[in-house]
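Coordinates in review
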Number of protein chains: 2
Amino acid sequence: MSALRFSLRFNPMLSNITLIQTKSLLFSFSSFSFSVRKPSKTLCSSSNSLLHTNGGTSNSSPLSGLEDELVGYIFGKKKATEVAHLVWRHVLHKGDIVIDATCGNGYDTVAMLKMVADESGHGRVYGMDIQTEALENTSSLLDETVTQKEKELVKLLPICHSRMDEVLPENTAVRLVAFNLGYLPGGDKGIITTSKTTLLALEASKKMLILGGLISLVVYVGHPGGREELETVEAFASGLCVDGWICCKFQMLNRPLAPVLVFLFKR
Amino acid sequence: MSALRFSLRFNPMLSNITLIQTKSLLFSFSSFSFSVRKPSKTLCSSSNSLLHTNGGTSNSSPLSGLEDELVGYIFGKKKATEVAHLVWRHVLHKGDIVIDATCGNGYDTVAMLKMVADESGHGRVYGMDIQTEALENTSSLLDETVTQKEKELVKLLPICHSRMDEVLPENTAVRLVAFNLGYLPGGDKGIITTSKTTLLALEASKKMLILGGLISLVVYVGHPGGREELETVEAFASGLCVDGWICCKFQMLNRPLAPVLVFLFKR
């Protein structure tokens, strides 16, 4: 089965990636801060319920906006992928080299590209997927959302993420490797990432990651094999030395099929 | 070896990092990437490390400061209790009634009192502990850190938290019940919370909590019985209906003895 999946043909058209749209990027950030919501169904009648100060300063915080995603996750208002993007923003620098190990429909690829692309053209996004459909979707999304100049910073590779160390230039210093484990949303649910290849990809990521870099995983567990894959990820994380790595997991306890977030931070 | 390789490669680049100080939207975003919190042991030489913008606004956010705690937790810089306090701030209103189910040395009691105390005098903190030493420590901490008027809003009760529903006035509308499970720091490590009483306390909390309220647990697992207590908490959380409750867990994967955070949000 897995040999079949690896044999998908390389499509040279996919290597030409595109675009830049700084305004949309700025706009999305400016709208990012003030959208905290009240928990649904609350009886609380006092207004502005979630909007409390920390009793801190009345000045602007340069960190404004991040709280929405993380606290929103706790209160069930934000998706796991949104939380992942938030964490990436805290790790990534303009000009960084990053890997989207599972392109899927390209939303992660676009998100990380926005974070690393700058005028210098040093940023790079290596996007991988074994399914041509996924890479085509990613390419289309890039066309719709970024500039041609930005798209040129992306390399889409039709390979399994377990082979990431074979295709990146030697000694590439990677700041982020992001995984969205499971199947392609809207695609063939029979084609999934597997424990075996994910473990190989994690081992490769571990080696390529620079200090201060992050391995980010959104692990879907609702399909056959998903739970085992999570166990593989957890076992890998548990084995990373505590002095060199901070490994944490965010999980919904009463939604056993909800995606699980795992962050492995190399310090 | 690979760490060394990457260090050598990255050091010159990172040493050139500078912060751009500006209030404009455009430039505040451009400074975003260069001022990320400096992970310990990285080679990143940028100063003012924690402060980076999301490129939002120059106005104050009512939620300013929260992100530091949660992202700090992910990056190993913030304690579990600090994250718990952060989440409480998002739930609590001035004038709320709250329960510190395990007073310990009183730090949680003081923290929640500050969040609910106001001039109206409606806020209430019910603090419980089976150890007189704990209640004495809590009382002393209150004397040192809050006003007499604020202290009058606190009721310290020398009982097991499993009996909380017996001592609170009937139909008390509780917004937060907070647990710090384990033993009294600095006290007798033989006296611990147990799975049995914790489960009773959770059942009582579930009934007393208003919609929009929170059960917050910091679960220590490094002592005998701690792991079983976590399992009890998880089983309780897993059994709460998904329509009525959001139940999430934050956990360090490569530090098996680190406290685990559990939040049960009644929506």
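Everything numeric in this text was worked out from a predicted model, so none of it was measured.

Right, let's get into the overall build of chain A. Of the regular secondary structure elements, chain A holds ten helices and seven strands. Nonlocal contacts in chain A, meaning residues at least 24 apart in sequence, comprise 75% of its contacts between residues at least 6 apart. A total accessible area of about 10,600 Å² is found for chain A, and carbon and sulfur atoms account for 55% of it.

This part takes up the pairing of strand 6 (residues 245-252) of chain A. All names here are of chain A. Of all eight residues in strand 6, eight are buried, a share of seventy percent or more. Covered by surrounding structure in strand 6 are Trp-245, Cys-247, Lys-249 and Gln-251 together with Ile-246, Cys-248, Phe-250 and Met-252, the residues of both alternating faces. With six bridges connecting them, strand 6 and strand 7 (residues 260-266) associate as antiparallel partners. The residue of strand 7 that forms the bridge with Cys-248 is Phe-263.

Spanning twelve residues, helix 4 (residues 80-91) of chain A covers 17 Å between terminal C-alpha atoms, matching the ideal 16 Å at 1.5 Å per step. Taken residue by residue, helix 4 of chain A has Ala-80, Thr-81, Val-83, Ala-84, His-85, Leu-86, Val-87, Trp-88, Arg-89, His-90 and Val-91 of chain A as its buried positions.

Moving on to the environment of Leu-202 of chain B. Residue and element names in this part refer to chain B. Mapping Leu-202 onto the fold places it in helix 9 (residues 195-208). Leu-202 sits in the buried class, given a relative accessible area of 0%. Leu-202 sits 51 residues away from Lys-151 along the chain, and the two C-alpha atoms are 26 Å apart. When neighbours within four sequence positions are excluded, Leu-202 is seen to be in contact with Phe-179, Ile-215, Leu-217, Val-233 and Phe-236.

Quick look at the packing of aromatic side chains now. This model, assessed by the stated rule, comprises three aromatic pairs over all chains. Plain terms: the ring middles of Phe-250 of chain B and Phe-263 of chain B are 6.0 Å apart, the flat faces sit at 75° to each other, and that makes the pair edge-to-face. Here Phe-250 of chain B is found in strand 6 (residues 245-252), whereas its partner Phe-263 of chain B is found in strand 7 (residues 260-266), with 13 residues between them in sequence. Across the pair, exposure class does not vary: Phe-250 of chain B and Phe-263 of chain B are buried alike. Three or more aromatic residues joined by ring pairs make a cluster, and in this case those are Phe-250 and Phe-263 of chain A together with Phe-250 and Phe-263 of chain B.

This brings us to unusual backbone geometry. The backbone of Asn-171 of chain A sits at a positive phi, close to 60°, despite the residue not being glycine. Examined against the element boundaries, Asn-171 of chain A turns out to sit in the loop between helix 8 (164-167) and strand 4 (174-181).

Before going further, it helps to spend a moment on helix 6 (residues 132-145) of chain B. Residues and elements named next belong to chain B. Between the first and last C-alpha of helix 6 there are 20 Å, a value that for 14 residues agrees with the 20 Å anticipated at 1.5 Å per step. Along helix 6, the residues that are buried comprise Ala-134, Leu-135, Thr-138, Leu-141 and Leu-142. The arc that holds every buried residue of helix 6, seen down its axis, measures 125°, which confines them to one face. Away from the buried face of helix 6 by more than 90 degrees, exposed residues Thr-132, Glu-136 and Glu-144 are located. Those residues of helix 6 that are buried lie in contact with helix 5 (107-116), strand 2 (124-128), helix 7 (148-151) and strand 3 (154-157).

All names here are of chain A. Counting across every chain of the model gives zero disulfides over all chains. Here Cys-160 is not disulfide-linked; the sulfur of Cys-103 is the nearest cysteine sulfur, at 13 Å. Taking the relative accessible area as the measure of exposure, Cys-160 reaches 4% and is therefore buried. Just so you know, Cys-247 is unpaired, no disulfide at all, and the nearest cysteine sulfur is the one on Cys-248, 7.9 Å from it. When its relative accessible area of 0% is taken as the criterion, Cys-247 is described as buried.

In this section: the pattern of salt bridges. Residue and element names in this part refer to chain A. Applying the stated criterion across every chain yields a total of ten salt bridges over all chains. Residue Asp-96 pairs with Arg-175 through a salt bridge whose shortest N-O separation is 2.9 Å. One end of the pair, Asp-96, is in the loop between helix 4 and strand 1 (97-100); the other, Arg-175, is in strand 4, with 79 residues separating them in the sequence. Note that Glu-234 is salt-bridged to Lys-249, the shortest N-O span being 2.9 Å. You can see Glu-234 sitting in helix 10 (residues 226-238) and its partner Lys-249 sitting in strand 6, a full 15 residues away along the chain.

The description of two packed helices rests on the angle between their axes and on the distance between the axes. All names here are of chain A. Running from N to C, helix 9 (residues 195-208) and helix 10 point in directions that differ by 25°, and their axes come no closer than 9 Å. The angle between helix 9 and helix 10 falls in the class roughly parallel. Here helix 9 and helix 10 pass one another in a crossing that is right-handed. Of the residues in helix 10, those in contact with Ser-195, Thr-198, Leu-199, Leu-202, Glu-203 and Lys-206 of helix 9 are Glu-228, Glu-229, Thr-232, Val-233 and Phe-236. Broken down by class, the residue content of the contact of helix 9 with helix 10 amounts to four nonpolar, three polar and four charged.

Attention now goes to the confidence of the model for chain A. Residue and element names in this part refer to chain A. Per-residue pLDDT for chain A averages 76, and the proportion of residues at 70 or more is 71%. Within chain A, the lowest mean pLDDT, 25, falls on helix 2 (residues 22-30), and the highest, 98, falls on strand 1. With pLDDT under 50 throughout, residues 1-67 is counted as low confidence; its partners more than four residues away or in other chains account for 174 contacts. For this predicted complex, the interface confidence reaches an ipTM of 0.72, while the overall pTM sits at 0.73.

With 69 residues, the main nonpolar core has Trp-88 of chain A together with Trp-88 of chain B as its most contacted residues. Discounting chain neighbours no more than four positions away, the residues touching Trp-88 of chain A are Asp-108, Ala-111, Met-112, Met-115, Leu-176, Ala-178, Leu-214 and Ser-216 of chain A. Core analysis: the next-biggest nonpolar cluster, separate from the first, contains 33 residues, Phe-179, Leu-202, Leu-209 and Val-219 of chain A among them.

Attention now moves to the environment of Leu-142 of chain B. Residue and element names in this part refer to chain B. As for its placement among the helices and strands, Leu-142 is situated in helix 6. It is 7.6 Å that separates the C-alpha atoms of Leu-142 and Gly-106, two residues lying 36 residues apart in sequence. Other than its neighbours up to four places away in sequence, Leu-142 contacts Val-110, Leu-113, Lys-151, Val-154 and Leu-156.

The subject of this paragraph is the side chain of Lys-266 of chain B. Residue and element names in this part refer to chain B. By the element assignment, Lys-266 lies in strand 7. Despite its burial, Lys-266 pairs with no opposite charge; the closest candidate is Glu-203, at 11 Å N-O. At 2.8 Å, the side chain of Lys-266 forms a polar contact with the backbone oxygen of Leu-209. Ignoring anything within four residues of it in the chain, the contact list for Lys-266 reads Lys-206, Leu-209, Ile-210, Leu-211, Gly-212, Gly-213, Gly-244 and Trp-245.

What counts, and where the lines are drawn
- Residues numbered from 1 in each chain as written.
- Chains lettered and ligands numbered in written order.
- Predicted model: local features only at pLDDT ≥ 70, side-chain atom pairs only at ≥ 80, totals over all residues.
- Heavy atoms only, no water.
- Helix = DSSP H or I, 4+ residues; strand = E, 2+ residues; numbered from the N terminus.
- Contact = heavy atoms within 4.5 Å.
- Areas by Shrake-Rupley, 256 points an atom, 1.4 Å probe, with all protein chains shown as cover.
- Buried < 20%, exposed > 50% of the residue type's maximum accessible area, 1.4 Å probe, protein only.
- Pairing = 2+ DSSP bridges.
- Expected span 1.5 Å × (residues − 1).
- Phe/Tyr/Trp six-rings, centres within 6.5 Å; stacked < 30°, edge-to-face > 60°.
- Arc of directions from axis to C-beta.
- Disulfide = S-S within 2.5 Å.
- Salt bridge = Lys/Arg side-chain N within 4 Å of Asp/Glu carboxyl O.
- Axes fitted to C-alpha atoms, helices over the stretch in contact; angles between N-to-C directions.
- Parallel < 35°, antiparallel > 145°, perpendicular 65-115°, else oblique.
- Left-handed = near helix turned anticlockwise from the far one by under 90°.
- Nonpolar A, V, L, I, M, F, W, Y, C, P; charged D, E, K, R; others polar.
- pLDDT = per-residue confidence, 0-100.
- Core = buried A, V, L, I, M, F, W, Y, C linked by side-chain atoms within 4.5 Å.
- Lys, Arg positive; Asp, Glu negative; His and termini not counted.
- Polar contact = N/O pair within 3.5 Å; in protein donor to acceptor, adjacent residues only side chain to side chain.

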